Amino acid sequence: MRRLSDDPYRIARNRLLSGLEARGISSARVLDALGRVPRHLFVSEALRFRAYEDMPLPIGFGQTVTRPSTVGRVVQALDLRGDERVLEIGTGSGYQAAVLAELAAEVVSVEIIGELHERAREILLFNLGYRNISLLHSDSFSRAGGGFDAVVVAACADAVPGELVERLAPRGTLILPVESGGGQVMKKIYKGRDGRVYEEEFGNALFVPLVR
Ligand code: SAH
């Protein structure tokens, strides 16, 4: 990873981190990871000055880079220790994949739009040099394989896709937004050691739709 200690966005990034702490991101590990990822590189040059606001920003093709507090809330709920294999559905800009890669052993991220997949590849693999991220351009969840300790979906599904629950290893966690009563709720699905599945909701969400 490139050193960020003397980049021009350091002050803006630190201000964002203080705001996230105030919004309930309390895990020091998660805040450190968010502080290490240069979000301005994941948006177009014209939007860089807004990259450290806690806002979703357009990345083309009608898609957005997830807002930092949402990424923080999702990764905090996963409680990653560093040895996990994580699957992300919806690479988009690649921002959340970078945050996940700071916190887990391995990240596989799948994107359905070819141009976004290519752009994320350029930034994550060639520019930032992440060696623990694999990117797939696919409309199929199963191409990523299985046995994941965590699965995160960056787009809203109409119901929990059974196909994604199947990607989980025993004791794995799936986090995703699901449509509910005209809005969206965040769901956390936990697969027990015996394969039994438990579900809980944790708050509201606002994501672009998952393409099925
Ligand atoms: N985590 C991303 C946010 C991406 S927005 C970031 O940090 O930038 C959601 C992304 O999910 C979009 O890029 C969209 O193209 C993608 N997507 C939607 N449905 C999908 C599917 N079925 N498989 C893979 N990607 C999908």
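Not measured: the values here are computed from a predicted model.

Let's hear about the site of the ligand: which residues, and what values?
Every one of the 23 residues lining the ligand counts as a neighbour, but Gly90, Ser93, Gln96, Glu111 and Val211 are closest to it. At 3.3 Å from a nitrogen atom of the ligand is found a main-chain nitrogen or oxygen belonging to Ile112. Notes on the ligand: free accessible area 580 Å², of which the protein chains cover 99%. For the shell around the ligand, the secondary structure elements donating two or more residues are strand S2 (63–65), strand S3 (85–89), helix H4 (95–103) and strand S4 (106–111). Here the residues of the shell around the ligand are counted per class, giving 12 nonpolar, 9 polar and 2 charged.

Could you give an account of helix H2 (residues 28–36), naming the residues involved and the relevant values?
Among all positions in H2, only Val30, Leu31, Ala33, Leu34 and Gly35 are buried. In the core, the buried residues of H2 are packed alongside helix H1 (10–22), helix H3 (68–78) and H4.

Break down H4 for me, citing the residues and quoting the values.
Burial within H4 is extensive, with 9 of its 9 residues counted as buried. Listing the buried residues of H4 in full gives Tyr95, Gln96, Ala97, Ala98, Val99, Leu100, Ala101, Glu102 and Leu103.

Give me the nonpolar core: which residues, what numbers.
Grouped together as the largest cluster of nonpolar side chains are 51 residues, with contacts concentrated most on Phe42, Val99 and Leu124. Listing elements by their share of this core, those giving two or more residues are H1, H2, strand S1 (57–60), H3, H4, helix H5 (114–127), strand S5 (133–137) and strand S6 (148–153). With 7 residues, H4 is the largest single contributor of residues to this core. Look past the residues within four positions of Phe42 in its chain and what remains in contact with it is Val37, Ile59, Ser93, Gly94, Tyr95, Ala98, Ile123, Leu124 and Leu128. Core analysis: the second largest hydrophobic core is formed by 20 residues, Leu176, Val178, Ile189 and Leu210 among them.

Tell me about the layout of surface pockets, and name the residues and values.
Its boundaries defined by the atoms lining it, the largest pocket holds a volume of some 680 Å³. Looking at the largest pocket, it is lined by 39 residues, and the ones nearest its centre are Thr66, Ala154, Ala155, Phe207 and Val208. Elements with a contribution of two residues or more to the lining of the largest pocket: S2, H3, S3, H4 and S4. For the lining of the largest pocket, the residue count by class is 20 nonpolar, 13 polar and 6 charged. Taken together, Leu78, Asp79, Leu80, Arg81, Glu84, Asp149, Ala150, Arg171, Gly172 and Thr173 make up the full set of residues lining the second largest pocket. Every element with two or more residues in the lining of the second largest pocket is listed here: S6 and strand S7 (168–180). In terms of residue class, the lining of the second largest pocket is made up of 3 nonpolar, 2 polar and 5 charged.

What counts, and at which threshold
Residues numbered from 1 in each chain as written. Predicted model: local features only at pLDDT ≥ 70, side-chain atom pairs only at ≥ 80, totals over all residues. Heavy atoms only, no water. Near = heavy atom within 4 Å. Polar contact = N/O pair within 3.5 Å; in protein donor to acceptor, adjacent residues only side chain to side chain. Areas by Shrake-Rupley, 256 points an atom, 1.4 Å probe, with all protein chains shown as cover. Helix = DSSP H or I, 4+ residues; strand = E, 2+ residues; numbered from the N terminus. Nonpolar A, V, L, I, M, F, W, Y, C, P; charged D, E, K, R; others polar. Buried < 20%, exposed > 50% of the residue type's maximum accessible area, 1.4 Å probe, protein only. Contact = heavy atoms within 4.5 Å. Core = buried A, V, L, I, M, F, W, Y, C linked by side-chain atoms within 4.5 Å. 1 Å grid on protein atoms, 1.4 Å probe; cavity = no way out; pocket = protein on both sides within 12 Å on 5 of 7 lines; lining within 4 Å. Points joined across faces, edges and corners; volume = space filled by probe spheres on them.

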